[in-house]
Amino acid sequence: PFWLKQFWPSLGRSLVHTCTMATVLPGFEELSLWVVVPKGGGECREFELTADPKESLSKFKKRIEKICGIPAEDLEIFAKNTDEEDAKQRWLSDDKTLEAQDVRDKAILTVGVHGMKGDNPDPDPETGELLADAVNTSIYSRGDSSYYHAHRRKADISEEHRIVSGGAPQKLG
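Quantities reported herein were computed from a predicted structural model and do not represent experimental measurements.

1. As for the sheet that holds strand S4 (residues 90-91)
Line of reasoning, step 1. Taken in spatial order, the five strands of this open sheet run S2-S1-S5-S3-S4, and their pairing is mixed. Strand pairing shows two members of the sheet lacking a second neighbour, strand S2 (43-51) and S4, which therefore form its edges.
Line of reasoning, step 2. Two elements, strand S3 (residues 75-80) and strand S5 (residues 108-113), share six bridges in a ladder whose sense is antiparallel. Paired with Ala 79 across the two strands is Leu 109, which belongs to S5.

Okay, here's the thing in structure tokens:
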């Protein structure tokens, strides 16, 4: 079991293997869950966590917060049991236990992360697509504490009066 490996790491593998093969007493079951958390840039952090089936999802999210540094209130958890061939991923509710939501041993928990302090990004008025450049990402992930917070305001300045950088040099006057 997890606690044995944690408190007696010097025990040989055979002893740990023997102990994990022993019969588990009712009420002392432990879930071994695979957790996938986005790191940004298209990459994910993956790790295994053990949990008591009677643990609430909100308590489990606090443990993920300690590991990844992402506030628990910004996390959404989706579970997929691996013991069913056609299992579908489903959203989990914070106020229910893992057991009540039918999360089983070896399930894969995928974490969705909300923007931390900002609002939802506004789509580009011309294309309708969400702006995903560094400035807008900073504004919408950090809100008022973003370095680019002043860029959040929409300026009603005509194109000819804006400062534009780039392009070939032009002679003044």
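2. Focus: the pattern of salt bridges
Should their charged atoms come close, side chains of opposite charge can pair.
Line of reasoning, step 1. Taken as a whole and assessed by the stated rule, the structure comprises seven salt bridges.
Line of reasoning, step 2. Between Asp 102 and Arg 104 there is a salt bridge, with its nearest N and O atoms 2.8 Å apart.
Line of reasoning, step 3. A cluster of three or more residues bridged by salt bridges with shared partners is formed by Asp 83, Glu 84, Asp 102 and Arg 104.

3. Comments concerning a negative patch on the surface
Line of reasoning, step 1. Judged by side-chain charge, Glu 29, Glu 30, Glu 48, Asp 52 and Asp 105 come together as a negatively charged surface patch.
Line of reasoning, step 2. Among the secondary structure elements, Glu 30 is positioned in the loop between helix H2 (13-21) and strand S1 (31-40).

4. A few points about the pairing of S1
Line of reasoning, step 1. The pairing of S1 with S2 spans nine bridges and is antiparallel. The residue bridging Gly 40 from the neighbouring strand is Glu 43, located in S2.
Line of reasoning, step 2. With three bridges joining them, S1 and S5 adopt parallel strand pairing. The partner of Val 36 across the bridge, within S5, is Thr 110.

5. What about the nonpolar core?
Line of reasoning, step 1. Counting 20 residues, the largest nonpolar core has Leu 33, Val 35, Phe 60, Ile 64, Leu 98, Val 103 and Leu 109 as its most contacted members.
Line of reasoning, step 2. At the level of secondary structure, the elements contributing two or more residues to this core comprise S1, S2, helix H3 (57-68), S3 and S5.
Line of reasoning, step 3. Here the element with the most residues in this core is S1; it accounts for four residues.
Line of reasoning, step 4. Excluding anything up to four places from it in sequence, Leu 109 contacts Leu 33, Trp 34, Val 35, Val 36, Phe 60, Ile 77, Phe 78, Ala 79, Leu 92 and Val 103.

6. Focus: the environment of Asp 94
Line of reasoning, step 1. The topology assignment puts Asp 94 in the loop between S4 and S5.
Line of reasoning, step 2. Measuring from C-alpha to C-alpha, the distance between Asp 94 and Lys 61 comes to 8.4 Å, with 33 residues separating the pair along the chain.
Line of reasoning, step 3. Discounting residues that sit within four places of it in the chain, Asp 94 has contacts with Ser 56, Leu 57, Ser 58 and Lys 61.

7. Considerations on the confidence of the model for the chain
Line of reasoning, step 1. Looking at the chain as a whole, its pLDDT mean stands at 75, while 59% of the residues score no less than 70.
Line of reasoning, step 2. Summarising per-element confidence for the chain, the mean pLDDT is lowest in H2 (39) and highest in S4 (94).
Line of reasoning, step 3. Under a pLDDT of 50 for its full length, residues 1-25 has, in the predicted model, eleven contacts with residues more than four places off or in other chains.

8. Regarding unusual backbone geometry
Residues apart from glycine generally show negative phi values, whereas peptide bonds are mostly found in trans.
Line of reasoning, step 1. Backbone geometry places Asp 102, a non-glycine residue, at a positive phi of 60°.
Line of reasoning, step 2. Tracing the sequence through the fold places Asp 102 in the loop between S4 and S5.
Line of reasoning, step 3. Judged by relative accessible area, Asp 102 falls into the partly exposed class, the value being 39%.
Line of reasoning, step 4. Positive phi outside glycine occurs at Lys 106, with the angle close to 75°.
Line of reasoning, step 5. The residue Lys 106 is located in the loop between S4 and S5 in this model.

What counts, and at which threshold
Residues numbered from 1 in each chain as written. Predicted model: local features only at pLDDT ≥ 70, side-chain atom pairs only at ≥ 80, totals over all residues. Heavy atoms only, no water. Pairing = 2+ DSSP bridges. Helix = DSSP H or I, 4+ residues; strand = E, 2+ residues; numbered from the N terminus. Salt bridge = Lys/Arg side-chain N within 4 Å of Asp/Glu carboxyl O. Patch = residues over 30% accessible without salt bridge, like charges linked within 9 Å, V, L, I, M, F, W, Y side chains within 5 Å. Areas by Shrake-Rupley, 256 points an atom, 1.4 Å probe, with all protein chains shown as cover. Lys, Arg positive; Asp, Glu negative; His and termini not counted. Charge placed at Lys NZ, Arg CZ, Asp CG, Glu CD. Core = buried A, V, L, I, M, F, W, Y, C linked by side-chain atoms within 4.5 Å. Buried < 20%, exposed > 50% of the residue type's maximum accessible area, 1.4 Å probe, protein only. Contact = heavy atoms within 4.5 Å. pLDDT = per-residue confidence, 0-100.

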